[in-house]
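Given next are the chains, with one letter for each unit.
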Amino acid sequence: MTTAQKDPVVVVVQLSGGNDYLNTVIPYNNEIYYDNRPTVGIPQEQVLHLDDEVGLHPQMGAVRDLYNQGNVAIVHGVGYENSPRSHFRSMDIWHTCEPDDVGTEGWLGKVIREIDPNKENVVTGVSFGPSMFRAMAVPGVPVACVEDLNNYGLMPGIDAEEQRQKILNRFSRLYGQAIGRGPVMEFLGQTGLDALQGADILKVAPERYSSSVEYADTTLAKKLKGIAQVHLAGLGTRVFYCDHGSFDSHAGQPNMLAGLWSDLSAAINDFFDDLRARDASDNVVMLLFSEFGRRTHDNGSGTDHGAAGAVLVIGDNVNGGQYGDYPSLRPEDLQQGDVVPSVDFRSVYSTLVEDWMKMDSRSIIGGEFEKLGFISNGN
Amino acid sequence: MAHQDEIALMAHLMRRAGFGATRENLEAYVAKGYEATVEELLNPEAQEPVDRYELLRYHPWSWKPGTIQGTGHATWLYHMVNTKAPLQEKMAVFWHGIFATGVSKVDHWDEIQDMVDMLRDKGMGSYKRILMEIAQNPAMIYWLDNNENHADAPNENWGRELLELFSMGVGNYTEEDVFECSRAFTGWTIMPKLPRFPMGRFDWEFEYRDDDHDEDEKSFLGYTGNFNGEDIIDIICQQPATARFIARHLYNFFVSDEAQVPAWQRVAPGDPEAIQTIADAFVESEYDMRSVLRTLFNSDFFKEARFTRIKSPVEVVVSTLRFVGGHEFPAPGIGNLGRQMGYMGQEVLNPPSVEGWHTGREWINSGSLMRRINFVADLVGDTSLPGVQSIVSRLREGGNLSAAEFVDTCLDLMGPLDLDAATRQELIDHAEIDGNLKWDTDKDAEFTTMRISEMLQLVVSLRDYQYA
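Residues numbered from 1 in each chain as written. Chains lettered and ligands numbered in written order. Predicted model: local features only at pLDDT ≥ 70, side-chain atom pairs only at ≥ 80, totals over all residues.

K.L.:
Before we move on, can you summarise helix H14 (residues 240-255) of chain B with the specific residues and values?
P.N.:
Here H14 of chain B is 16 residues long and its end C-alpha atoms lie 21 Å apart, about the 22 Å a rise of 1.5 Å per residue gives. For H14 of chain B, a buried count of 14 out of 16 residues is recorded, marking the element as mostly surrounded by other parts of the structure. (Helix = DSSP H or I, 4+ residues; strand = E, 2+ residues; numbered from the N terminus. Expected span 1.5 Å × (residues − 1). Buried ≥ 20, exposed ≤ 12 C-beta atoms within 10 Å, placed from the backbone.)

Written out as structure tokens, the structure is:
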């Protein structure tokens, strides 16, 4: 199958709360790992080995299979300098690429603006979840923010269709007025119009969808199924976003992380099966990231906020394998008890933006960063 | 007309210090006077409390729901819709946004509801007292893992958030302070940690374990001593950064939308003088929230800040339910109503993280805007509800109003809302399609009622209506 006619699509799954890098991609051959993880360490024999040094969390079976098929890139030690170890701040940095300042524009919002500068398609970016992610937010850039694809629209409570249409027409005139009352008022106007239009476009997605894949009944699986429905409907959506969590495993980590990765791994598997069955997977790349990794030494039942993490990139056109080196766990190499980032997160973004989305990344990422070779058609 | 100005100012006060008010209530408050109304709001003890047994009688599930999803929202909604002391309830919402604790992790509704009860009870008193209560609150201890904060293995989750999110804000302390602060709170834990089954969750209680408390010397914010948690809270309260931090939160919640918390280190307040006024009141009153609120509501910067905040989902849902009426009784369906705030992006008792919710324009995206409009439009379009009926009868008293009079009366009763000329004209154009209101025959009255319902739906879908 050729990929030439299909526009590249990126699906971001945000692992909110700080996913524990060391227990996701496990350095099972490193004694220091076990010294540091007396409580939450994962025994060697349970680790899903990828090579002689590292392996995946036991609940990541489907991810391991995709890895073995060459479709998963694992980027080691991703982060940035002087990690603040605050969820909020760190997530902001990942979303806006502004480690030293408070950014107002999300990197994916800028990607959407670049793809569709004239706002010809208000569903170029679609976010799944009750609230929008800052990564997608750029003032004036429409993003459809969907919770339930089946009941998405304005004033569905008005039964008489004619009366509803009359109100919606007036609504659209009211929201279209430029009344010069400041940026928030303008933002509201545009959001209202985009919502109206987005709902009209997206309503066909569940209607057109049929599939033999049975997604699990988990929150994340529902989101990925929604993404599959919109993608398969061919509505021109290029950027999808959703989140999963919370990964904030200060306590009770073993069960917590197992549950989260079990749901995630199964949902990823179903999602790609669904797309492959319809010949719609080869233009999709999925990115999994978290705002930070967790502290090297466990705290007796979980792990506290740390610095470097792992990023996973999954898709048919991904050059599977591992990128970067596993950061040193030796005490003298740690900073404030954490493994030190060796790959800037913006290197991951610039690879995706340049080699996958085929766009200039400098204005989006805010500078030039060394690219990683995880996209197979990027060379 | 002076009276109209007074109504508009009172409506502003009630939107902010409460959950809005019906026109009948506004008229009564105006008769009483502005400052007297502020005093009434500041003294919730004088009001009859919400009758929780009434809710229990019809919804026994609301008693200690344990791990049952969704019931906590409904219980709090019941309080917010029925309270006669709206500022007290609003302050509980305010503190809940700061001491943001979620059932996603605590997995125990009873404990978070107990925390909200505490915030309702103590939220207008001393901030220092509130911090002490929070530090010993079982839900908070579990939420931020202080039960895992041991003398020989400090867990700094609580210690960090206490400084970063509950008092001073980033940039006013060092990593060393976080660590020393955490040490001071070792041994502050909960009992009993019994398993969940077979008897369901047990109530948790604060317990101080002397044997698990780090007795060594600590250095915190320039002070050195064998500090315990109380000492840390004492030092925190004296920091000018704390006064400014709480002042900015109050300003953002009650006065005008501000930059979000993570930006505070870099972005100056929109009105630095107002922040200083609030912070001064905080220091001078020794952290007495009632005094701080009195200063705030009686200040010009507050009175002038009309429609400068995007309503939070809690405000959208509760003010609409109080406005249309008919939802005071613990009716069936309260569970679903409780979930609406979450659908709009503010699931109470379950904030997205310990940082609480982003507010202001961040409440708005295409999904949440749709939810807000749909929810409010459904209710104000229902002419069987008493609050809507009251609007219908006031319009009917006006007789055969012209399109412009019809629109202006609706805008007055729904706010008063002050629209720009173009928006108002658009509504008048809509009303003119069917001409003057007619009440002559039953059929006329029925058609006019339908027109009113449609006009109210348009009004609540306006951009202007998203502001408080």
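K.L.:
How would you sum up the sheet that holds strand S3 (residues 48-49) of chain A? Please name residues and give values.
P.N.:
All names here are of chain A. The antiparallel open sheet is built from three strands, whose spatial order is S2-S4-S3. Both outer strands of the open sheet, strand S2 (25-26) and S3, are each paired with one neighbouring strand and no more. As defined by bridge partners, S3 adjoins strand S4 (residues 55-56) across two bridges and the pair is classed as antiparallel. Bridged to Leu48 within S4 is Leu56. (Pairing = 2+ DSSP bridges.)

K.L.:
Quick one: what's the story with unusual backbone geometry, residue by residue and with numbers?
P.N.:
Residue Gly245 of chain A is joined to Ser246 of chain A through a cis peptide bond whose omega torsion reads 5°. Cis geometry is found at the peptide bond from Gly415 of chain B to Pro416 of chain B, where omega equals 5°. In this structure, Pro416 of chain B sits in the loop between helix H22 (403-413) and helix H23 (421-432). Non-glycine residue Cys97 of chain A carries a positive phi angle of around 60°. The topology assignment puts Cys97 of chain A in the loop between helix H3 (87-96) and helix H4 (107-115). Cys97 of chain A sits in the buried class, given 25 other C-beta atoms within 10 Å. Phi at Asp279 of chain A takes a positive value of approximately 55°, unusual for a residue other than glycine. Relative to the elements of secondary structure, Asp279 of chain A occurs in the loop between helix H9 (253-277) and strand S9 (284-290).

K.L.:
Please give an account of helix H8 (residues 219-232) of chain A that cites residues and values.
P.N.:
Residues and elements named next belong to chain A. Taking 1.5 Å as the rise per residue, H8 with 14 residues should run 20 Å; its terminal C-alpha atoms sit 20 Å apart, in good agreement. Most of H8 sits inside the fold, with 10 of its 14 residues counted as buried. Immediately beyond the C-terminal end of H8, within one or two residues, lies Gly234, with a positive phi of roughly 65°.

K.L.:
Now, about the interface of chain A and chain B: what can you tell me, with residues and values included?
P.N.:
Opposite the 47 residues of chain A that make contact, chain B presents 45 residues. The set of elements that each furnish at least two residues to the side of chain A that touches chain B consists of H3, strand S7 (144-146), helix H5 (161-176) and helix H6 (183-202) of chain A. The greatest single-element share of the side of chain A that touches chain B, amounting to 10 residues, is contributed by H6 of chain A. When the residues that make up the side of chain A that touches chain B are grouped by side-chain class, the tally is 22 nonpolar, 16 polar and nine charged. (Contact = placed C-beta atoms within 7 Å. Nonpolar A, V, L, I, M, F, W, Y, C, P; charged D, E, K, R; others polar.)

K.L.:
So what's going on with the environment of Leu165 of chain B? Which residues, and what values?
P.N.:
Residue and element names in this part refer to chain B. Inspection of the secondary structure puts Leu165 in the loop between helix H11 (157-164) and helix H12 (175-184). For Leu165, a count of 23 C-beta atoms within 10 Å puts it in the buried group. A sequence separation of 65 residues divides Leu165 from Ala100, and the C-alpha atoms of the two residues are 9.3 Å apart. Residues contacting Leu165, with those up to four places away along its chain left out, are Val354 and Glu355.

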